[in-house]
Structure formats: C-alpha cells, structure tokens
Amino acid sequence: MAANNEAGTVRKSGVSRKTNETDIQLEFALDGSGQTRLETDVAFLNHMLDLFTKHGQFDLSVRANGDIEIDDHHTVEDIGICLGQVIREALGDKKGIKRYASVFIPMDEALAQVVIDVSNRPHFEYRAEYPSDRVGSFEVQLVHEFLWKLALEARITLHVIVHYGQNTHHMIEAVFKALGRALDEATAIDPRVSGVPSTKGVL
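Residues numbered from 1 in each chain as written. Predicted model: local features only at pLDDT ≥ 70, side-chain atom pairs only at ≥ 80, totals over all residues. Heavy atoms only, no water.

Draft legend 1. Molecular detail of the pairing of strand S6 (residues 110-117). Along S6, seven of the eight residues are buried, which leaves the element largely enclosed by surrounding structure. When strand S5 (residues 100-107) meets S6, the two strands line up antiparallel, connected through eight bridges. By the bridge assignment, Val103 is partnered in S6 with Val114. (Buried < 20%, exposed > 50% of the residue type's maximum accessible area, 1.4 Å probe, protein only. Helix = DSSP H or I, 4+ residues; strand = E, 2+ residues; numbered from the N terminus. Pairing = 2+ DSSP bridges.)

As structure tokens, this is what we get:
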C-alpha cells in the first residue's frame, strides 16, 4: 500500500516477492522512528539495513529466505529490488519533497558520501575501493549489487563515493549510514515547495 504526501499521511508500502531463489516479505515507512525487524540469513546485511533505517528515521521490516547454500547473491539482490520498489511506492506523488541531498558520513578513519536525486530517472555511480574482498563471510561486491538494484527500482539517481578508509567494515558502514541520511533528506517534505520540485511539472 502506497501513501501520498498529504499532511499527516505516513508514507509507507509493502511488497512480497517469491522466486525459485528467494522468498521475501518487506514493509517500509519513510516517516518512521528508526524501528527494524530483520529476519534474513545474511547477518552483515541485517547490520547494514539496521544502520540505514535508524539513521534515516525510517521503519523497516524484512523477512527473507534465500538459497544461501549457493551464496548470498540472490538474497542481497532481491532485498535491494524489494526495498527500491517500496521506496518508490511510499513516495507517492512526490509533491513537496526536497528531491536532492548530499551527505558525508565519517566512520572512524573512513569517509563516505551519498548524493541522491529523486528524479524518476534511475542511474547509479559507485566509486569505492576496499582493502578486502570480504567482511566475515559477506562478499563486498554485493554492496554494489544491492545499491544498484535499489536505485533502479526506486527510480532515483544515486551516487556513492567512498573517499578513503582502511577498514572495509567501517567503509561500508559509512555508506549505509549516509544512504539513510541522504534518502531521509531528499524525501523530506519542504513546505515551500508547491507541487513537485521540477520545471517539467512531473518527476
């Protein structure tokens, strides 16, 4: 269920996705309080989604089962797809939103930047070099897969830049915190904005 941007309306949505590889139920609210209920078999992704939700002041519930006996790829990818879909639906008509955001987040020695345009034109740029290929059992390349599918399904322009860092965990953590903050700012309602923030008249 999607909500529009009328005053006092909580913008939220939910989706179920079942394939031969994954079974996912996901609910998301843009106007939340940082609450999570995460039940997936990918512990590191649970940690990152918790950070994203708390720092964006969203509410997020995810229950996901996947073929992790093969690897984590399908589960991570499909959660990214589902999260992107509910973000797009929760945004409703996009009237009154700020649209843009650019956020820097430090995590100890690491610094990440996330720039968002809620443009209805999906595009993803990713600039990150990590010192390791894994964090525990989690494959670092799956961060790209998750973010790209989220941007595609949410129909946003998303630029992610990890400026520097020495600890891969810290670097990815900074990305997800910045993602939460940037999405919160870009989707916030600005009372000065009449209609959608575009000279085209549509987003």
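Draft legend 2. Here's a closer look at the packing of helix H2 (residues 73-91) against helix H3 (residues 141-154). With their axes 7 Å apart at the nearest point, H2 and H3 run at an angle of 25° to one another. Here H2 is positioned roughly parallel relative to H3, judged by the angle of their axes. As H2 runs across H3, the sense of the crossing is right-handed. The residues of H3 that touch H2, namely those facing His73, Val76, Glu77, Ile79, Gly80, Ile81, Leu83, Gly84, Gln85, Ile87 and Arg88, are Leu142, Glu145, Phe146, Lys149, Leu150, Glu153 and Ala154. When its residues are assigned to classes, the contact of H2 with H3 shows nine nonpolar, four polar and five charged. (Axes fitted to C-alpha atoms, helices over the stretch in contact; angles between N-to-C directions. Parallel < 35°, antiparallel > 145°, perpendicular 65-115°, else oblique. Left-handed = near helix turned anticlockwise from the far one by under 90°. Contact = heavy atoms within 4.5 Å. Nonpolar A, V, L, I, M, F, W, Y, C, P; charged D, E, K, R; others polar.)

Draft legend 3. Geometry of the sheet that holds strand S4 (residues 59-66). An order of S1-S2-S4-S3 is seen for the four strands of this open sheet, with the pairing classed as mixed. On the outer flanks of this sheet lie strand S1 (12-18) and strand S3 (35-39), each paired with one strand and no other. The mean inter-strand angle of the sheet, taken between neighbouring strand axes irrespective of direction, is 5°. Across the sheet, helix H1 (residues 43-56) touches strand S2 (22-29), S3 and S4, and the angle it forms with S3 is around 165°. Sheet strands in contact with H2 are S1, S2 and S4, and its direction is about 35° off that of S2.

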